[in-house]
Structure formats: C-alpha cells, structure tokens
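# Chain and residue survey
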Amino acid sequence: MKTMNTNIAGIKMKNPVMNASGTLGLGFGDCFDLSKCGALVTKGVTLLPRSGNSTPRIAEATSVLLNSIGLENSGVKVFLAEELSVWLSFGVPVIVNISGADLQEYVDLAVALEGHGIAGFEINVSCPNREGVIFGTDPELASNVTDAVRQVTDLPLIVKLTPNVTSIKAVAQAVVEAGADAISAVNTFLGMVIDVKTRRPKLGKGFGGVSGPGIRPLAVKKVREIYEAVNDQVPIIGMGGIDSTEAALEFIIAGASAVAVGTANFTNPRTIPEVIEGLERYLEEQGLESLEEIRGRIIPV
Amino acid sequence: MNGKYQTALVRRLSQVAAGTFQLDLETAISDHVQPGQFVLLQPLAETSLLPRPFTVYFAQQGIFIRLVFEARGSNTRLYSQLKSGDKIRVLGPCGQPAVIDDSARLAIFIGGGCGLASLHWLAFAAGQKKIGLLCAAGFRDKDHVFSTKDFDRLGTPLEVATDDGSFGVSGTAVDLFQNIIFGEDGLPKNESIRVFTCGPTVMMREIARITRAEGIPCYVFLEEMMACGLGDCKSCAVRTNSGIKHVCKDGPIFESKEVIWDEDDEY
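Residues numbered from 1 in each chain as written. Chains lettered and ligands numbered in written order. Predicted model: local features only at pLDDT ≥ 70, side-chain atom pairs only at ≥ 80, totals over all residues.

For the rest of this paragraph, the subject is the domain arrangement of chain B. Residues and elements named next belong to chain B. Split into domains, chain B comes out as domain 1 (5-94) and domain 2 (106-221). One C-alpha centre belongs to domain 1, the other to domain 2; they are set 24 Å apart. Counting residues at the interface gives 13 residues for domain 1 and 13 residues for domain 2. Among the elements of the structure, strand 1 (5-17) and strand 6 (64-70) are those that each provide at least two residues to the side of domain 1 that touches domain 2. Counting residues per element, the side of domain 1 that touches domain 2 draws most heavily on strand 6, which supplies 3 residues. Split by residue class, the side of domain 1 that touches domain 2 holds 9 nonpolar, 3 polar and 1 charged. (Domains from an automatic or database assignment. Contact = placed C-beta atoms within 7 Å. Helix = DSSP H or I, 4+ residues; strand = E, 2+ residues; numbered from the N terminus. Nonpolar A, V, L, I, M, F, W, Y, C, P; charged D, E, K, R; others polar.)

This paragraph deals with the interface of chain A and chain B. The interface of chain A with chain B comprises 32 residues on the first partner and 27 residues on the second. Taken together, the elements giving at least two residues each to the side of chain A that touches chain B come down to strand 5 (58-61), strand 6 (64-67) and helix 7 (264-267) of chain A. Of the residues in the side of chain A that touches chain B, the class split is 11 nonpolar, 15 polar and 6 charged.

So, about unusual backbone geometry. With glycine set apart, most residues show a phi of negative sign, and most peptide bonds adopt trans. Residue A:Val186 is reached from A:Ala185 by a cis peptide bond, and omega for that bond is 5°. When you line up the elements, A:Val186 lands in the loop between strand 10 (182-185) and strand 11 (189-191). Here B:Lys130, not a glycine, exhibits a phi torsion of approximately 60°, which is positive. Assignment of secondary structure puts B:Lys130 in the loop between helix 2 (116-128) and strand 9 (132-139). Residue B:Ser147 is not a glycine yet carries a positive backbone phi of 80°. Tracing the sequence through the fold places B:Ser147 in the loop between strand 9 and helix 3 (148-153).

A word on the sheet that holds strand 8 (residues 120-124) of chain A. Where strands meet in a sheet, backbone hydrogen bonds hold them as pairs that are either parallel or antiparallel. Residue and element names in this part refer to chain A. Taken in spatial order, the 8 strands line up as 3-16-15-10-9-8-7-4 in an open sheet, and their pairing is parallel. With one partner strand each, in any of the chains shown, strand 3 (17-19) and strand 4 (40-41) form the two edges of the open sheet. As judged from the 3 bridges shared by strand 9 (residues 157-160) and strand 10, these two strands associate in the parallel manner. Each residue of the ladder has a partner; that of Lys 160, found in strand 10, is Ser 184. (Pairing = 2+ DSSP bridges.)

Moving on to the pairing of strand 6 of chain B. All names here are of chain B. Of all 7 residues in strand 6, 6 are buried; the element is thus mostly enclosed. Pairing geometry for strand 2 (residues 20-26) and strand 6, over 6 bridges, is antiparallel. By the bridge assignment for strand 6, Asp 24 is matched with Arg 66. As defined by bridge partners, strand 5 (residues 58-60) adjoins strand 6 across 3 bridges and the pair is classed as antiparallel. Looking at the pairing, Gln 60 lines up with Phe 64 of strand 6. Linking strand 5 back to strand 6 in an antiparallel pair, the connection comprises 3 residues, with Gly 62 at a positive phi of about 75°. (Buried ≥ 20, exposed ≤ 12 C-beta atoms within 10 Å, placed from the backbone.)

With that out of the way, let us pick up the sheet that holds strand 6 of chain A. Residue and element names in this part refer to chain A. The sheet built from 4 strands is open, its strands ordered 5-6-14-11 with antiparallel pairing. The open sheet has two edge strands with one neighbour each: strand 5 and strand 11. Pairs of neighbouring strands in the sheet enclose a mean axial angle of 35°, with direction left out of account. Relative to strand 6, strand 5 runs antiparallel, the two being bridged by 4 bridges. Bridge pairing links Glu 60 to Leu 65 in strand 6. (Axes fitted to C-alpha atoms, helices over the stretch in contact; angles between N-to-C directions.)

Structure (structure tokens):
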C-alpha cells in the first residue's frame, strides 16, 4: 500500500514535509490547515527573551532572501505558557528549535521543554557562543552541545547544521557520535548585499543568512555529503530552497528522509500543502509504494 | 481555514499619474478588510521571493479592493501591466484596522507621494463619522499628483504642494502641515485633533516631532521589509516604547510618540 508515512528518529509523521524553523508560525493557520504538515518546527526558542537585530532584517537578491532576524523571541517561559499549547493543538508532531549561547543554556532549554508534549528538539548550532564562535563550525563544539543536551533528554535530537564549514561531513560525524538522532541540513549560507547608491549593506547587521531557491544546488550537495557520511546511522531532514515538489524530490533523491520548506512559505504560504499533494501524485505516477524507494538513489551519469 | 490567502481576479488596472497605477482586484478579502489594513501581492518577477505589501486604497464590501501604487521596481512594474481577467494571489487582510476614537473632532491627513494612497480610505471613513477633515499631500511635480478627484468627493479638497511648484503650492507636505497648524487660520490646539501621516520616513519623523511639541496625537503608517505578513517571521520589527512591535501584525499604523525614531538609540 502506498504510504507517505515517515519516521524520523521515532518522530512519526504522516508525510515527510515540515516547515523550516522561523519561516512558518501560527499565523499561517489563516492560510492553510496546519494539521496537514508532517511535523511543525517552532521558531528558535532561547532561554531569555531576545529583541532581535536592527532593521532592515531581510533583503532580497536574485532568487535568494537574506535574513538577520537575530532570534527575536519571547524566551522559553512565555513560549511554554502561551505558545506551545497552540502549536500542539494541530495534532502533528511539534519539534522545538533551541538556541543557546553556552552549553548550560541548551541544557536548561531542553530541561524546561521536556515533558510538555513536544516530539523532539532541533538544536540550532548556527548561533555564536559567548566567544563569538559559531558552535556548528567546529566539530568539537557542535559535538559538545549535542552531548550536553543528550545527557538530559531522551527525546529525539535533531542537529541543524550550518553549511558555512569546510567539511560538513566532519561536523555531521561528530554530532552523530555525540548522540544526535537526526540531522537537519542546511541552515542558511552567510551572505551580504550592498546598496551601491548608499554603499551600505542592505541588512541592518551588515550580513545575514542566505536562503531560497538560489541556494538549492549548494544545499543538495551538502545533504549528499552528509548522506554519504552518516546515512547508515541517522536520517536527514533536507532543506535549502525547497519551493516545489521537484525541489523536495531532489533532496529525497540526494538522501533526505524528510524535507523542510522555508523561504517559499513567504512567496506562497500554501507551498507546504502543495508539495505534500505533489509528492503523493509523484508516488502515483512513478508507481512507487513509498519515497523510501528512491531515497538516496542517485543514478550515476 | 484558507481565508487569508486568495486568488484574486483583476477587475481593472488604470494609470492615475506618472508611474502611478490603480489596481482593482475582485477578492473575498473585500468582505472584511477595513481602513488601515493592507494586503500582500504575490511576487511576479521570476527571481523575487517576497510578496509586496500595499495598504488598501478603498474597498467595496464583497466586491473588490483597490490598491494605488507607484511602479518602481520589477514587481510593481509587472503589477502595472496586469490586465482585466488576470489572476494574482493575494494575502490579506493584514495588520490592524485604523481606529479614530469618538472624541476626535478633526482628522488631518498628510501624505507624501504615493504614501497618500494609504490615507485615502481612512479619510473616507473619517468623513463618514461626520468629523472635520483636512487633507494635504506633497508630490514631486504635477505629473505625479493623484487622488485629487477622490478627495474632492469627500467634500474636502486635497491641498497639494509640489517640489517644483508645478501644481498647488511650491514646497513639501511638511510645509502644508506647518501651515495648517501654525498658519494664519491656526487651529485650536486641543485633544480633539488627530493627525495621520504616510510618506517618506523623514517626512513622518518631522510631522511626529511637530505634533509631539504641540501635544497633538499623531499616527504614522510605518514601512519595513516584510516577509510573511502574518506576524511569524519577525522581519518587520519596529522599536517602540513598549518593546519590539511588528508592522505586519501590530501596525501598519503606530502612534508616533510610541515609536523610537532615533536609529542610534539602544534597545
């Protein structure tokens, strides 16, 4: 029997399509039925409230979006008191994205959030530590974060990797050894756009994370590298410019077990349900029982 | 469930001034959109990812919404080429409706360039409340002046200034405003006046400064780069005296004294 059912480290999803953290929230419930999503991923939650970066926080360039939101959020207390119950009300697994400035913050977040009905954690290692070093750019730092959270929770741990590294394989292997149950890849590429009239960067912070269809080939390649490094151990949630069924399939063929739609939620708020329907049609058209039959199966040129 | 994201039918597109267009869209959004709210149009340029926000210029309930915009970039140029019968996806209504409280006796609307488009429907609604209206706008030159006939219909002719003096008086919207407040027929400066303004930031900032000094409540339409329009992505942040707010969810209208204007201020 044909099935879209997907299991990511014990998180049972009715289809493999979720949102990328920070690109879809409860407001989207006015655009489509959020219970259609395979899973919902929250915006990055931090221990304390954060007011975010200066504006402009987003800018466009050809086929890409740049953002430097700065993790604006109300902090974990308000998240637990006011937001989580709404996320959970759709009856699909809720994955909470967490960001910390040191190991203790990640640990405190995991402890605070555990036992409230969430399906798992997505650990954002693309934020800087107190010395300004991005955790995810150093296999040892990324491993330390994963290990610290692993010590305090049995919930599935998904580590979201930054592509801004020389060897994403090394980071993937390090976090898997430290206890990651799955990998999200990729977070945004760092970039900059400059207004040539004013000679000022178009983002208040000066630079930001590049996302959107323009980065898709780069992201697909990173997912393939991770697949080759750790596929026999953990599943991959592929993301980076997915705006259509075809784009989602690229990631699946590269090796992803599930996919996340990010920037495309802005371009077309109904991208997620459209991709889910498209994948169902694809199974039908190709006579496949499940997407697992093509996952990772790149045919050599 | 899908209420906010609709496919709209282009009813009519017409040019109303140099580079300025009026777009009527048949959409169910017209059922419940209110003055002050905005919609996002899907990007039409192939390499654009973000929808473009426009305050609703006017709506006929259950029939259509009207947008007035300047064709400046690749998307607005494509919107200006839409034809009757074309379809476009629209998200809305977004933002909070404007509120003119019942104690107001006189509402003053000051528009800068195509910012005037954001004020029209609100002025129309204020007019229906039987309160006094004063409307003024500044434009580059006579070719860019729009909307005067629509304001005539409100029974309050639009006072116009142009940078080059080719239409109305020579000067800016701020000059017109200063004349309204400080001119010979000076106004009674009391709590019953409300000022609404939309235009370039420098202009709104100056009007905010004057109204603050005079103790007149002033409301500004703020603009920030926006992605989701639904309050979720936190892109369109505005610093206010009561913390971070977002244009798409808390705005687009903010009381000017609430806004922290000085970019050098710390959070």
